[in-house]
Amino acid sequence: MKYNRLTKEQFEELNQEFINFLASQSITADEWEKIKQDKPEVAEDELDVFSDLIWEGVLEKVTYLEHFSKHQMYLFNITMAEIKLVAVKVENEAIDITTREGYQWLQTNLLDDTVNLYTSTKAVSEDRNKDIFALIKQGAVITKGQLFDYFSDMVENK
């Protein structure tokens, strides 16, 4: 398995897609029940293959990720060739940007001496999706990129 198995809730959400996946392998509902009962290891393999297919489809479409911690914000723009990073670090221990109040403080104090902006770029590896998945496993979430664009523009116009 290349990625993580989908959760029970995710499988429930993707029930129709999973049925279509089984049907593409000529596995009927009755046969699936028999496989689960008689060959649980085969059923586990099918769940893993389906999970990887779903992850591949999702990861192919990702262009922006965000990861917040108490004092840092990592904003990623992922192209086919590179991963661009804009990082915001708050060096004021009293501020927690994961809270509403802390984030509002950041918005009004972006030019404060305790707020630092960094940028970086690195080439994606041979397996772009695996790079993205590693960031997601570390806590990054898929976004539409508004924060990345905002802070990227800010850095460029500094």
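Scroll up for the structure.
Heads up: these notes are all about the structure in this document.

Calculation criteria
- Residues numbered from 1 in each chain as written.
- Predicted model: local features only at pLDDT ≥ 70, side-chain atom pairs only at ≥ 80, totals over all residues.
- Heavy atoms only, no water.
- Helix = DSSP H or I, 4+ residues; strand = E, 2+ residues; numbered from the N terminus.
- Rg over C-alpha atoms; globule rule 2.2 N^0.38 Å.
- Buried < 20%, exposed > 50% of the residue type's maximum accessible area, 1.4 Å probe, protein only.
- Contact = heavy atoms within 4.5 Å.
- Areas by Shrake-Rupley, 256 points an atom, 1.4 Å probe, with all protein chains shown as cover.
- Lys, Arg positive; Asp, Glu negative; His and termini not counted.
- Charge placed at Lys NZ, Arg CZ, Asp CG, Glu CD.
- Axes fitted to C-alpha atoms, helices over the stretch in contact; angles between N-to-C directions.
- Left-handed = near helix turned anticlockwise from the far one by under 90°.
- Nonpolar A, V, L, I, M, F, W, Y, C, P; charged D, E, K, R; others polar.
- Core = buried A, V, L, I, M, F, W, Y, C linked by side-chain atoms within 4.5 Å.
- Pairing = 2+ DSSP bridges.

Bringing the overall build of the chain into the picture now. When helices and strands are tallied, the chain shows seven helices and five strands. Of the regular secondary structure in the chain, the N- to C-terminal order runs α-α-α-α-β-β-β-α-β-α-β-α. Over its C-alpha atoms the chain spans a radius of gyration of 21 Å, topping by over 25% the 15 Å that the globule rule assigns to 158 residues. When its C-alpha atoms are laid out on the principal axes, the chain stretches across 65 × 35 × 20 Å. Within the chain, the fraction of its 158 residues that count as buried is 37%. In the chain, the share of contacts with a sequence separation of at least 24, taken over all contacts with a separation of at least 6, comes to 69%. Carbon and sulfur atoms make up 50% of the accessible area of the chain, which totals about 10,000 Å². Counting 17 positive and 30 negative side-chain charges, the chain places the centres of these two groups 1 Å from one another.

Turning our attention to unusual backbone geometry. Of note, S26 is a non-glycine position whose phi angle comes to about 60°, a positive value. For S26, a relative accessible area of 59% translates into the label exposed.

Tracing the chain through its elements places Y118 in strand β4 (residues 115–123). Expressed as a C-alpha distance, the spacing of Y118 and F148, which sit 30 residues apart in the sequence, is 12 Å. Setting aside residues no more than four positions away along its own chain, Y118 makes contact with L85, V86, A87, K89 and E91.

Attention now goes to the packing of helix α2 (residues 15–24) against helix α4 (residues 40–61). Running from amino to carboxyl end, α2 crosses α4 at an angle of 115°, the nearest separation of the two axes being 11 Å. In the crossing of α2 with α4, the sense of the turn from one axis to the other is right-handed. From α2, E17, F18 and F21 reach across to α4, where they touch E46, L47, V49, F50 and L53. Classifying every residue of the contact of α2 with α4 by side-chain character gives six nonpolar, no polar and two charged.

Turning to the nonpolar core, a few remarks are in order. F18, W32, L65 and I78 are the most contacted members of the largest nonpolar core, which has 26 residues in total. Sorting the residues of this core by element identifies α2, α3 (29–38), α4, β2 (72–78) and α6 (128–137) as the ones contributing at least two each. Take this core: its biggest share by element is five residues, from α4. Every residue in contact with I78, bar those within four places of it in the chain, is listed here: V62, T63, L65, I83, V124, R128 and I132. One finds L75, V86, L106 and L147 within the second-largest nonpolar core, a separate group that totals 16 residues.

As a further point, take the environment of K39. Note on placement: K39 falls in the loop between α3 and α4. For the pair K39 and K137, spaced 98 residues apart in the sequence, the C-alpha separation amounts to 30 Å.

One open sheet holds the five strands; their spatial order is β4-β3-β2-β1-β5, and the pairing between them is antiparallel. Across the chains shown, the open sheet's two edge strands, defined by having one partner strand only, are β4 and β5 (141–142). As defined by bridge partners, strand β1 (residues 64–68) adjoins β5 across two bridges and the pair is classed as antiparallel. Note that in β5 the partner of E66 across the bridge is V141.

Okay, the environment of Y103 next. Along the chain, Y103 turns up in helix α5 (residues 100–108). Given a relative accessible area of 21%, Y103 falls into the partly exposed group. Each C-alpha atom, one on Y103 and one on K130, is 30 Å from the other, the two residues being 27 residues apart in sequence. Not counting residues up to four positions away in its chain, the partners in contact with Y103 are F68, M73, D96, I97 and L147.

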